[in-house]
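Tertiary structure, described
Listed below, chain by chain, are the residues.
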Amino acid sequence: MELDTSLPGEAVAKVGRNDKVLRPSLNTAIKCLKCNKVFIFPTDRDDCLAHLYLEHRLVIADVDEIALLEDYLQYWEKEFQGHEFEEYCTTMFLDQLPDGTYAKNEKYYLLCDILPKDFELRKRLQEQRLSAALERHQFELTDRSFSKECLFCRTVIKGLRADYLDHLFDKHFLLVGKPEKLVYVDELLDQLEENLNKLLCLYCEKIFKDRPTLKEHMRKKGHKRINPNRREYDKYFLVNYNRNTSSSTSQRKQQQQRPKRKSVNEDNTSVDFDKHFARQDSDGEHDSDWSDWAGDGESHVIKCLYCAQEEVQFSTLKQHMIEAHRLDFDSTTSSLNFYQKIKVVNYVRRQLCLLRCVCCDLQFDDLELLAEHMAQESHCGIGVRAKWDKPEFFFPYMENDGLLCVLDDNAGDDLNADVVRIISEDSMAQINKDAERLSLENFKL
């Protein structure tokens, strides 16, 4: 990828049909902006930035948000060949040396987008990266020459990449992402395959001793998806190529600064199946650990299906849902049995976690917009049966979901207090076996 360095406004990416030029190639040699030292990107990226600071006292502002950093550095390396830092950079005076030693009025340089030329360059590079990503995205949606063996079973999927992603989800419950929202899918799948070959969990990234143990861990913990908090995966999601970098950075910092509370809604995306369906002989991780068993006298905190409201009494929460969300839970689920209600709760939890409307499946950027939409459109319901009546929703989507513990405590279950309901252990055992079989279907690591 070449960049015309005469003026930043004239920077044009020479992107062709060849897939190899859609992004900067690996192992790109980048020369220091001021001296003759050469760094190999992306491996030496941090070393290069450290060298600029320690040796030349140059700091590049918001370097993590620069699209195509290699092209950015190459442009400024040519600019600084005939110019000094003072001509383009903001000069700062600090009372310390680069190594932290105290010194008086030491001069440093800040290269940032306050400079119009730098601002224009960053903007052009972002547009260039977006254009390349969109071209690759369109190719991946229509290319039928794709062929790859499944990450888990021996099946070879040929045709569209969307067919491969659908296979991973339908057969193995691995949630990677929707094809229309992913880009550079081949590289993403290669990365997932490499992690699995290293016996690395895709979500928590723990290393296990063998594949059966890894398989059991991912099944029980619900870790059949990539970790959304890892920035390394950002480049595979198309939305990140046209996102306002300053706003996304501030949002990320706010999330990092928020105090973590140990509550039932602390991490809705992390489902600890050990605390609900663990067997003592499963993998030995929690042998003789009964700490997650609630005592007979302990009450469960119950979280509302549609907001952050929490109550101790189920009746109080149901009244809240009627008043705040216009949903009569008992009436809406009166025709459903216990296991169907479990599916409904887990389906609604998942939809809100994915920022999707429960009824129309519309995607939103944040929870406030989703809540406003559902309130205005009266979509605080349970959705159509075809959406939630699936085996995958047998499993809790939220850790320690107190609502699942009180689902049988409704009016329909106590029509006759003199009648003692008996649930066959054989039936329960068969249901558990069926659920486990569905989860393990074709899941062969």
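Rules used in this analysis
Residues numbered from 1 in each chain as written. Predicted model: local features only at pLDDT ≥ 70, side-chain atom pairs only at ≥ 80, totals over all residues. Heavy atoms only, no water. Axes fitted to C-alpha atoms, helices over the stretch in contact; angles between N-to-C directions. Helix = DSSP H or I, 4+ residues; strand = E, 2+ residues; numbered from the N terminus. Left-handed = near helix turned anticlockwise from the far one by under 90°. Contact = heavy atoms within 4.5 Å. Nonpolar A, V, L, I, M, F, W, Y, C, P; charged D, E, K, R; others polar. Expected span 1.5 Å × (residues − 1). Salt bridge = Lys/Arg side-chain N within 4 Å of Asp/Glu carboxyl O. Phe/Tyr/Trp six-rings, centres within 6.5 Å; stacked < 30°, edge-to-face > 60°. Buried < 20%, exposed > 50% of the residue type's maximum accessible area, 1.4 Å probe, protein only. Lys NZ or Arg CZ within 6 Å of the ring centre and 35° of its normal.

Describing the packing of helix 4 (residues 161-172) against helix 5 (residues 185-197)
Interhelical geometry of helix 4 versus helix 5 gives an angle of 35° and a closest axis separation of 11 Å. With respect to the hand of their crossing, helix 4 and helix 5 are arranged in left-handed fashion. Facing R161, Y164, L165 and L168 of helix 4, the residues of helix 5 in contact are V185, D186 and L189. Residues of the contact of helix 4 with helix 5, tallied by class, amount to five nonpolar, no polar and two charged.

Side note on helix 9 (residues 314-325)
Along an α-helix, residues three or four apart share an orientation, since each turn contains 3.6 residues. For helix 9, which comprises 12 residues, the first-to-last C-alpha distance of 16 Å matches the rise-based estimate of 16 Å (1.5 Å per residue) to within 8%. Looking at the packing, one finds that the buried side of helix 9 touches strand 8 (302-303), strand 9 (310-311) and helix 10 (329-332). Residue R326 follows helix 9 closely and has a positive phi angle near 55°.

Focus on the pattern of salt bridges
As enumerated under the stated definition, the model contains 30 salt bridges in all. Between E65 and R231 there is a salt bridge whose closest N-O contact spans 3.8 Å. Note that E65 is positioned in the loop between strand 3 (58-60) and helix 2 (69-79) and R231 in the loop between helix 6 (211-221) and helix 7 (245-257), a separation of 166 residues in sequence. Sharing partners across several salt bridges, the network here consists of R136, E140, D143, R161 and D186.

Remarks on the packing of aromatic side chains
Inspection of the entire model under this criterion finds 13 aromatic pairs. On the basis of an interplanar angle of 55° and a centroid distance of 6.3 Å, the ring pair of Y184 and Y241 is categorised as tilted. Taken as a pair, Y184 in the loop between helix 4 and helix 5 and Y241 in the loop between helix 6 and helix 7 lie far apart in primary sequence, 57 residues in all. On the accessibility criterion, Y184 (4% relative accessible area) is buried. Using a relative accessible area of 4% as the deciding quantity, one classes Y241 as buried. Counting every residue linked through ring pairs, the aromatic cluster contains Y75, W76, F80, F85, Y88 and Y109. We note K34 situated over the ring of F85; from NZ or CZ to the ring centre the distance is 5.0 Å. When the ring centre of F394 is taken as reference, the NZ or CZ atom of K343 above it lies at 4.6 Å.

Shape descriptors only; they carry no functional weight alone.
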